[in-house]
Amino acid sequence: MKLSIAWLYPDLMSTYGDRGNIIVLTRRCQWRGIETRATQVTLETPARELAHCDLIFMGGAQDRQQKLVGEDFLKRKGPVVKDMVEKGIPALFVCAAYQFVGHYYKPYRGEKIAGAGIFDLYTEHPGDQAKRMIGNVVAELISSLSSRVRSDGDAISFGEIASSMTPRNDNTIVGFENHGGRTYLGPKIKPLAKVIKGFGNNGEDGHEGAVYKNAIGSYFHGPLLPKNPYIADWLIGKALEVKYGKEIPLAELDDTLEWQAHDSIL
Amino acid sequence: MCLNLAIFLGKIISFISKRLSFGAGATWPGEAALRINPHILSSFASQFRKGIILVAGTNGKTTTASMIKTILEAQGLSVVHNASGANLTNGIVSACIGQANWLGKIDADWGVFEVDENSLPIVLAELKIQNSKFKTTTKNLKFIIVLLNLFRDQLDRYGEVDVIAQKWQRAFPRLDTGNQAIKPYQFIANADDPLVAHLGEAASSRPGLEARALYFGLNDPKRFVKAVDHATDSIFCLNCGGRLSYEGMYYSHIGIWYCTKCKEKRPIPDVSDWKSPLPGLYNQYNTLAAVLVAQTIGISDKKITESLVSFAPAFGRQEHIGNAYIFLSKNPTGFNQSLRTVLELGSKKLLLVLNDRIPDGRDVSWIWDVDFEMIPKDVSVRVSGDRVYDLALRLKYAGIKTTLYENLEDALATTGSFYVLPTYSAMLEVRKILKGKKIL
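Quick summary incoming for the structure in this document.

Calculation criteria
- Residues numbered from 1 in each chain as written.
- Chains lettered and ligands numbered in written order.
- Predicted model: local features only at pLDDT ≥ 70, side-chain atom pairs only at ≥ 80, totals over all residues.
- Heavy atoms only, no water.
- Contact = heavy atoms within 4.5 Å.
- Buried area = accessible area lost by both parts, 1.4 Å probe.
- Salt bridge = Lys/Arg side-chain N within 4 Å of Asp/Glu carboxyl O.
- Patch = residues over 30% accessible without salt bridge, like charges linked within 9 Å, V, L, I, M, F, W, Y side chains within 5 Å.
- Areas by Shrake-Rupley, 256 points an atom, 1.4 Å probe, with all protein chains shown as cover.
- Buried < 20%, exposed > 50% of the residue type's maximum accessible area, 1.4 Å probe, protein only.
- Phe/Tyr/Trp six-rings, centres within 6.5 Å; stacked < 30°, edge-to-face > 60°.
- Helix = DSSP H or I, 4+ residues; strand = E, 2+ residues; numbered from the N terminus.
- Lys NZ or Arg CZ within 6 Å of the ring centre and 35° of its normal.
- Axes fitted to C-alpha atoms, helices over the stretch in contact; angles between N-to-C directions.
- Parallel < 35°, antiparallel > 145°, perpendicular 65-115°, else oblique.
- Left-handed = near helix turned anticlockwise from the far one by under 90°.

**Let's talk about the interface of chain B and chain A**
The figure often quoted for interface size is the accessible area lost as the parts come together.
Moving on, step 1. In this complex, chain B contributes 35 residues to the contact, which on the side of chain A involves 41 residues.
Moving on, step 2. Interface area, chain B with chain A, both sides summed: about 3,100 Å², of which 51% is carbon and sulfur.
Moving on, step 3. On the chain B side of the interface with chain A, the three residues burying the most area are B:Glu160, B:Trp368 and B:Tyr397, jointly 23% of the side's total.
Moving on, step 4. Across the contact surface, chain B and chain A share five salt bridges.
Moving on, step 5. Put simply, A:Lys227 and B:Asp390 hold a salt bridge, and the shortest N to O gap is 2.6 Å.

Right under this line is the structure:
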């Protein structure tokens, strides 16, 4: 078996240890004998190279870097990513990328910045006096996702995945958040998790992240996947399923250390 | 009166905290004095007979400032210096209080201060306030501002590298004296860091400067890296936004850079070759910066060389205690550089310590930007610290076996020489265990 992972803008959108997500996806495939290649897709890379990837990742950025990415993503890579997400290709968008796949980002001063419109959400920055949302975070996956996601396609629920792929009963996700923008979800997308500790999407509605088809958006870095290995496996599982047209069971790995690191945040 | 009261209180606190050996003794006296007199720093600054040297940047501040102090003192000059690494305004004021008499008089030639990235604009603003005094007192006083580098570091505390650069750039015009007769500022900047060099160039065109910025940098293609580090922060042109090209990179985004689009390029260094008293490429840069400062104030090359021969590393920076060598490693670029250096020194035993307290930054995501994969299989690796599981997990995914110690004292109990790479608060803990309570 083979998987090809697209890593979008590794030199521009990789600020908060985002590379960790790629390392974890790659290693967890390799440990299971799945041949894996991470393709670095940046400004100069033709968009067609994206199209034969099986899994997409895009991470956080500083403002200047995000501006540099802006036009390329909106005009060239974004539409391709949108098609792929619609087809069920699994994806992970973290921090700036999470904001970027929404409809728009409104800074506290100046014009709205258009997003790629892949996710039904928007982000607003309430002003430079508003507190940045910073700190260790814990959230619980929303298990009621199951039927809704399933009716939308062939996706399995996160709740089910969380308990079926790990010997644990809880389905918490842990990470670190650091964002000024507040993200609000529209009716066509579901929240990923319920915040237990921290702020999440906007610090108001108690939700964190978003899930649409097989694509996840989240403010959690830390990075997200190392300490939440079952989410990594869910993405890998989905990628294989879409590519080979059938559910492929993943060999279990020894995740003792992963869960020790996870539990140290709870 | 206000000054005297502030000094008096500061000195009392300094005395008490030293007697009781409180760890925070390096900042409390300054903090108390600042509460009474917020502009106390400018009262001190105008008293230095020769001038003030500020050292700013993400990595290398302590070592560079310490080298400058060593060179100056070897020439018989007296120096006030925030040696304990307390580099916020309160730490700088504390250092001055420590040297001042009970009337607030400082008897010293130079102030050599390392300054925290976020505090540089505040400190510069204080210097401007006292600038008016120079007009009547002395015209030969120098201000030297050394810009070492900017790397990602504690994003939850400092914010992004670009934000810091913007704050600095906004702070520099405040230095304009408006009086062409007095041009006391001299920038000394790293030519090989595109962001810092850009700041130097921008500052050079300002009126009121003594001269254009002076640059240090390396011309040594033998030391170019073959594979580019993952932790690079500034590889896009500040001028036009184009991707920078490099004749070669030394580490992170440090190298001989140029922009193919707008033709902006790395400035030609004024000093590029000097033997470093400490191992590590990053110390080569620290040495070049210190040497350029010394040359700028007229110290001969021969005397600089002589004074650096016996240079002893600053605390926690390649410091040797018992069988341990401590290499402070607090951000991806610093960690990569420390790792590379200890491996070049032939280290077979490493202890990595990761804390997530305020001085370390609460976010430990950055360990995934460190290239731990460079550690060879025959090196034994111990891990410890508040976030020991995060660190062990990172190393697991780098394919490196570790021994995990929840207790730092146990981790430090080993025979034979070993190398400790700790974050800031972890470094203080390691020293405390190895040495006893006192910071210096």
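Now that the structure has been shown, we can carry on.
**Observations regarding a nonpolar patch on the surface**
Moving on, step 1. Taken together, the side chains of B:Phe8, B:Ile12, B:Phe15, B:Ile16 and B:Trp102 present a nonpolar region at the surface, about 500 Å² in accessible area.
Moving on, step 2. Take B:Phe8: its relative accessible area is 43%, and that puts it in the partly exposed class.

**Describing the packing of aromatic side chains**
Moving on, step 1. One pass over the full model with this rule turns up 19 aromatic pairs over all chains.
Moving on, step 2. The interplanar angle of 65° and the centroid separation of 6.1 Å between the aromatic rings of B:Phe48 and B:Phe113 together place this pair among those described as edge-to-face. With a gap of 65 residues between them, B:Phe48 in the loop between helix H3 (40–45) and strand E1 (51–56) and B:Phe113 in strand E3 (residues 110–115) connect regions that are remote in the sequence.
Moving on, step 3. Linked through ring pairs, B:Phe151, B:Phe224, B:Tyr250, B:Tyr251 and B:Tyr285 together constitute an aromatic cluster.
Moving on, step 4. One residue, A:Lys112, lies across the ring of A:Tyr104, its end atom 4.2 Å from the ring centre.
Moving on, step 5. Note that B:Arg317 overlies the ring of B:Phe315, its terminal NZ or CZ placed 5.3 Å from the centroid.

**Looking at the packing of helix H9 (residues 256–263) of chain A against helix H13 (residues 388–397) of chain B**
Moving on, step 1. Between H9(A) and H13(B), the least distance of the axes is 8 Å, while the angle of their chain directions is 150°. If you check the angle between H9(A) and H13(B), you find them roughly antiparallel. Between H9(A) and H13(B) lies a crossing whose hand is left-handed. Contact residues: A:Leu257, A:Glu258, A:Gln260 and A:Ala261 in H9(A); B:Tyr389, B:Asp390, B:Ala392, B:Leu393, B:Lys396 and B:Tyr397 in H13(B).

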